[in-house]
Amino acid sequence: MTAVWHLPADAFTNQFLWPIVLIYSTDGTEGWVDRVDRVTLECYTPGTQAVDTLESIKSLIRGTDIETGHGYLDSIQPDQVPKDVPFQSETLNKAVATFMVTSRPIN
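A brief look at the structure comes next.

Calculation rules
Residues numbered from 1 in each chain as written. Predicted model: local features only at pLDDT ≥ 70, side-chain atom pairs only at ≥ 80, totals over all residues. Heavy atoms only, no water. Helix = DSSP H or I, 4+ residues; strand = E, 2+ residues; numbered from the N terminus. Buried < 20%, exposed > 50% of the residue type's maximum accessible area, 1.4 Å probe, protein only. Contact = heavy atoms within 4.5 Å. Areas by Shrake-Rupley, 256 points an atom, 1.4 Å probe, with all protein chains shown as cover. Core = buried A, V, L, I, M, F, W, Y, C linked by side-chain atoms within 4.5 Å. Salt bridge = Lys/Arg side-chain N within 4 Å of Asp/Glu carboxyl O. Polar contact = N/O pair within 3.5 Å; in protein donor to acceptor, adjacent residues only side chain to side chain. Pairing = 2+ DSSP bridges.

## Description of the overall build of the protein
Logical step 1: Helices and strands together make up the secondary structure of the protein, namely 1 helix and 6 strands.
Logical step 2: In the protein, the order of α-helices and β-strands from amino to carboxyl end is β-β-β-α-β-β-β.
Logical step 3: Burial statistics for the protein: of 107 residues in total, 38% are counted as buried.
Logical step 4: For the protein, restricting intrachain contacts to residue pairs at least 6 apart in sequence, the fraction spanning at least 24 positions comes to 48%.
Logical step 5: Accessible area for the protein stands at about 7000 Å²; split by element, carbon and sulfur atoms hold 53% of it.

## A few points about the nonpolar core
Logical step 1: Ranked by size, the top nonpolar core spans 15 residues in total, and within it Val21, Leu41 and Leu54 carry the most contacts.
Logical step 2: Elements represented by at least two residues in this core include exactly β2 (20–30), β3 (35–46), α1 (50–61), β5 (72–85) and β6 (92–104).
Logical step 3: For Leu41, the residues in contact, after removing those within four places along its chain, are Val21, Leu22, Ile23, Leu54, Ile57, Ala95, Val96, Ala97 and Phe99.

## Here we look at unusual backbone geometry
Logical step 1: Positive phi, normally seen in glycine, also occurs at Asp65, with a value near 55 degrees.
Logical step 2: Secondary-structure assignment places Asp65 in strand β4 (residues 63–67).

## Some thoughts on the pattern of salt bridges
Logical step 1: Taken as a whole, this structure holds 5 salt bridges when the rule is applied.
Logical step 2: A salt bridge links Asp79 to Arg38; the nearest nitrogen and oxygen atoms lie 2.8 Å apart. A residue pair is termed long-range when its members are at least 10 positions apart, and Asp79 in strand β5 and Arg38 in strand β3 qualify at 41 residues.
Logical step 3: When its relative accessible area of 41% is taken as the criterion, Asp79 is described as partly exposed.
Logical step 4: Taking the shortest distance from any N to any O, the salt bridge between Glu42 and Lys94 comes out at 3.8 Å.

## Digging into the environment of Gly71
Logical step 1: Here Gly71 is to be found in the loop between β4 and β5.
Logical step 2: Here Gly71 falls in the buried class, since its relative accessible area comes to 6%.
Logical step 3: Sequence separation between Gly71 and Arg104 is 33 residues, and the spatial gap between their C-alpha atoms is 6.0 Å.

## Looking at the side chain of Glu42
Logical step 1: Assignment of secondary structure puts Glu42 in strand β3.
Logical step 2: There is a polar contact of 2.7 Å between the side chain of Glu42 and the side chain of Tyr44.
Logical step 3: Once residues lying within four places of it in the same chain are set aside, the contact partners of Glu42 are Ile20, Val21, Leu22, Tyr24, Lys94, Ala95 and Val96.

## As for the side chain of Asp37
Logical step 1: If you trace the backbone, Asp37 turns up in strand β3.
Logical step 2: Judged by its relative accessible area of 16%, Asp37 falls in the buried class.
Logical step 3: Contacts of Asp37, omitting those with residues within four sequence positions, involve Ser25, Asp27, Gly28, Phe99, Met100 and Val101.

## Describing the pairing of β4
Logical step 1: Across the 5 residues that make up β4, only a small minority, 0, are buried.
Logical step 2: Here β4 runs beside β5; their pairing, made up of 4 bridges, is antiparallel. Note on β5: the bridge partner recorded for Gly63 is Ile76.
Logical step 3: Hairpin connection between β4 and β5: a loop of 4 residues separates the two successive antiparallel strands.

Written out as structure tokens, the structure reads:
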């Protein structure tokens, strides 16, 4: 699996590693101490494996009290569970999931 911030131009050719997951933030809120970002994951796979791939990712990333080099993640929780969405392709399938990421700076 490959995670990207921008879909490469050759993403939909046979030379790209599958599945591919596009990650982007759509909106969020900022409080006095923490902020909550809504992060969307779009998964593209051959066949019908997109939802299964996002379900696996969901089980790996959801949780609480995650310390990183850039800050502290209070939690990563699903906002929209993985679902198939229409995608115009004879060989690829697309699914989308949204997560609420609560974070705060370390300093």
